[in-house]
Amino acid sequence: MIKHQFAALAAAATMVLLLWAGAPAQSASIVANKHNLSATGPGTIKATSEGEVCVFCHVPHNSRATGPLWNRDQPVGSYTPYTSSTRKISAPGQPTGASLLCLSCHDGTIALGKVSSRTANIAIAGGKNNFLLGDQSYIGTDLSDDHPVSFLYSSVLSNTELRTPTGAVKLDASGQMQCTSCHSPHDNANGKFLVVSNIKSGLCTNCHNKSYWAASDHQTSTKTWNGVGTNPWLHTTNTPQNVTNNACESCHRPHTAPGRQQLLNSATEETNCLVCHSGTVATSAKNIQIELNKTSQHSVGAYLNVHDAGEANLMTTAHVECQDCHNPHSANSTAGSAPGTTPIALPGSLSNVRGITISGAAVSPVTAEYQICLRCHGDSTSRTPASRTARVIVQTNTRLEFDTANPSYHPIAGVGKATGVTGKTVPSLIAPWTTTSVMNCSDCHNNNAGPNTGGTGPNGPHGSTNPLLLERSYVVTDPATESAANYALCYKCHSRTAIIGTGAGSFKEHNKHIVGETTSCNVCHDPHGISSTQGTALSNSRLINFQTGVVTKSGAQAIRWERVGTTGGRCYLSCHGKDHNGLSY
């Protein structure tokens, strides 16, 4: 029966061969595609004189049991399988079944012309005996940069981001994923011998069911490469070449992927993003590369292979990569809520990201921007940067600084202390900010040329010309001349007129100190907040935490401020050569 089938196959192949004349290499017929290695094959790799088409893989008699009428030796070497910290399957072992048949050519260990039915190898034109490193069809024995094969697929189906393949994508008889699940060795109608077209990731999504993917800009965008820099889709042939048509392959490569774990297109993590977000594909409003060239930046280029996609929410080893703040499978252009709006709605660029709550618990996805920041700037023992201001109370754990149980804090994790308390107001607030408003970290730490400052650059703390990724100028040196420019960050939300004014409703000591004594706001105020584990309502409300060096002791007593009533206070310190030993106002 098998012999009759093979004869029919051979007859059909011969018939097609006779009819074929100059057909394209991307063909459903084995005769007209690159797997026809005979002398009449259309590809660049073919025999010098061999006329048989099927002989390179099949033989009608005395075949090997390893495959259907198989005519090739079985590879005997060991392979390095794929591995990843985010792998949902048990560790893949050595390739088996149909995958091993494919590798008998594509791992490069066995000559293309070595078949069991011949005593001598079939000569290949140009002496191309084996696939070699650098050849497009070379897989090699290191499979750690290739999509895993030869694993029991049923073991992964408890994972909601994978599903049972249907249609042309099939598992082998034992339920394993093999090369033939994605590739049909005889049919190249879809290119790369794919069983279905991978335009819009039509092949990948047969099995991969990534959460949030349907609404992601990386799934829907029709942006194209503008010809500047590196073509992000060198390894694909989808037409037209744009983001949506390449979809998964905009970032991933199923074979010989330089970024082995997660099969990323580049081994340098940020390059997978910047190849498009550098003014080449994404709009100027999403040109992140230009931000990373600024003096203050989230320095993704300073780390290589430190980030692990499977790492815990709380960062344990200092690093920053795009994926620490963004979920590329979910990111979209949905706008966040306007400043001053409570509760705050996250923008699509930060959708479905992991983080840490103000109580220190892991959360996924985050519900507030600060939860992303706390991954690195909270409890992490390797958090950076150190404070640039030496203070009476030293605290670098931002989670503790913004805790709503603190004597004072900027309202990042909850509304401020002035809310709902008679006599407590913040008269300097500029609308839309009110005492019930909640802020984002990016209200202060942001692009100096982004939309918040009237610029056209991207929103977010990617880079700034101001220190500490501040959106606007905040001079911390002392003395410092008061001006709208020097304290632009403070005056973004707090009325300059109210702060340094001398009329009703203004705190006159501000004018005296900031204007008269050229004292920086930073000398008295700690902008994040003072932890309840260190400060008290008596001495540390209103963000009071003095800058040492500028403020020194008055005698032997500790540097401190004491609150008196609703608006009064006393200072025990020495500043600018003046002793404030219980000086009241």
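I will try to describe carefully the structure that is included in this document. (Residues numbered from 1 in each chain as written. Predicted model: local features only at pLDDT ≥ 70, side-chain atom pairs only at ≥ 80, totals over all residues. Heavy atoms only, no water.)

Looking only at helices and strands, one finds 14 helices and twelve strands in the protein. Rg of the C-alpha trace for the protein: 33 Å, well past the compact-globule value of 25 Å for 585 residues, more than 25% over. Considering only C-alpha atoms, the protein reaches an extent of 105 × 40 × 40 Å along its principal axes. In the protein, which comprises 585 residues, the share counted as buried stands at 43%. In the protein, 53% of the contacts between residues at least 6 apart in sequence involve partners at least 24 apart. With 39 positive and 33 negative side-chain charges, the protein shows a spacing of 3 Å between the two charge centroids. (Helix = DSSP H or I, 4+ residues; strand = E, 2+ residues; numbered from the N terminus. Rg over C-alpha atoms; globule rule 2.2 N^0.38 Å. Buried < 20%, exposed > 50% of the residue type's maximum accessible area, 1.4 Å probe, protein only. Contact = heavy atoms within 4.5 Å. Lys, Arg positive; Asp, Glu negative; His and termini not counted. Charge placed at Lys NZ, Arg CZ, Asp CG, Glu CD.)

All right, on to the side chain of Asn245 then. Mapped onto the elements of the fold, Asn245 is located in helix H5 (residues 243-246). Setting aside anything within four residues of it in sequence, one finds Asn245 in contact with Asn198, Ile199, Lys200, Ser201, Asn238, Thr239 and Pro240.

Bringing the pairing of strand E12 (residues 578-584) into the picture now. Working note: regular strand, side chains alternate between the two faces of the sheet. As paired strands, strand E11 (residues 568-575) and E12 are joined by six bridges and run antiparallel to one another. Counterpart to Leu573 in the pairing with E12 is His580. The loop that links E11 with its antiparallel partner E12 comprises two residues; one of these, His576, has a positive phi angle of about 55°. (Pairing = 2+ DSSP bridges.)

This part takes up empty space enclosed by the protein. In total, this model carries one cavity of 30 Å³ or more according to the counting rule given. Roughly 70 Å³ of internal volume is contained in the largest cavity. Taken together, Pro81, Tyr82, Pro92, Gly93, Gln94, Pro95, Leu143, Asp146, His147, Pro148 and Val149 form the lining of the largest cavity. Among the residues forming the lining of the largest cavity, the class breakdown is seven nonpolar, three polar and one charged. (1 Å grid on protein atoms, 1.4 Å probe; cavity = no way out; pocket = protein on both sides within 12 Å on 5 of 7 lines; lining within 4 Å. Points joined across faces, edges and corners; volume = space filled by probe spheres on them. Nonpolar A, V, L, I, M, F, W, Y, C, P; charged D, E, K, R; others polar.)

Let us now look at helix H2 (residues 97-106). Counting buried residues in H2 gives seven out of ten residues, a clear majority hidden from the surface. Among all positions in H2, only Ser99, Leu100, Leu101, Leu103, Ser104, Cys105 and His106 are buried. Looking at the packing, one finds that the buried side of H2 touches helix H3 (179-182).

On to the pattern of salt bridges, then. Under the criterion given, the structure shown has 19 salt bridges. Ionic pairing is found between Glu161 and Lys210, a salt bridge with its closest N-O pair at 2.9 Å. With a gap of 49 residues between them, Glu161 in the loop between strand E1 (151-152) and strand E2 (176-177) and Lys210 in the loop between H3 and helix H4 (217-220) connect regions that are remote in the sequence. According to the relative accessible area criterion, Glu161 is buried, its value standing at 18%. When its relative accessible area of 29% is taken as the criterion, Lys210 is described as partly exposed. The shortest N-O distance in the salt bridge between Arg496 and Glu482 comes to 2.8 Å. Residue Arg496 is found in helix H11 (residues 496-500), and its partner Glu482 is found in the loop between strand E7 (463-464) and helix H10 (488-493); the two are separated by 14 residues along the sequence. (Salt bridge = Lys/Arg side-chain N within 4 Å of Asp/Glu carboxyl O.)

Let us now look at the pairing of E11. For E11, a buried count of seven out of eight residues is recorded, marking the element as mostly surrounded by other parts of the structure. Two strands pair when backbone bridges link them, and strand E9 (residues 551-552) and E11 are joined in this way by two bridges, in the antiparallel orientation. Following the sheet pairing, Val551 is matched in E11 by Cys575. Taken together, the five bridges between strand E10 (residues 560-564) and E11 define a ladder with antiparallel strand orientation. Within E11, the position partnered with Trp561 by the bridge is Cys571. Hairpin connection from E10 to E11: three residues lie between these consecutive antiparallel strands, with Gly565 at a positive phi of about 65°.

In this structure, Leu470, Tyr474, Val475, Val476, Ala480, Tyr487, Leu489, Tyr491, Ile499, Ile500, Ile514 and Cys521 together form the largest nonpolar core, which totals twelve residues. Taken together, the elements giving at least two residues each to this core come down to H10 and H11. If near-sequence neighbours (up to four positions away) are discounted, Ile514 is found in contact with Ala480, Glu482, Tyr487, Ile499, Thr519 and Cys521. (Core = buried A, V, L, I, M, F, W, Y, C linked by side-chain atoms within 4.5 Å.)

Under the definition given, this model contains zero disulfides. As a non-bridged cysteine, Cys57 has Cys105 as the owner of its nearest cysteine sulfur, 5.7 Å distant. Cys179 supplies the cysteine sulfur nearest to Cys102, a cysteine that is in no disulfide, at a spacing of 4.4 Å. Its relative accessible area of 25% is what places Cys102 among the partly exposed residues. (Disulfide = S-S within 2.5 Å.)

Excluding glycine, most residues fall at negative phi; most peptide bonds, likewise, are trans. The peptide bond linking Ala431 to Pro432 adopts the cis configuration, its omega dihedral lying at 10°. If you trace the backbone, Pro432 turns up in the loop between strand E6 (408-409) and E7. A cis geometry characterises the amide bond from Asp478 onward to Pro479, with omega recorded as 5°. Examined against the element boundaries, Pro479 turns out to sit in the loop between E7 and H10. Look at Tyr212: it is not a glycine, yet its phi comes out positive at around 70°. Along the chain, Tyr212 turns up in the loop between H3 and H4. Backbone geometry places Leu263, a non-glycine residue, at a positive phi of 50°. Relative to the helices and strands, Leu263 is located in the loop between H5 and helix H6 (271-274). According to the relative accessible area criterion, Leu263 is buried, its value standing at 8%.

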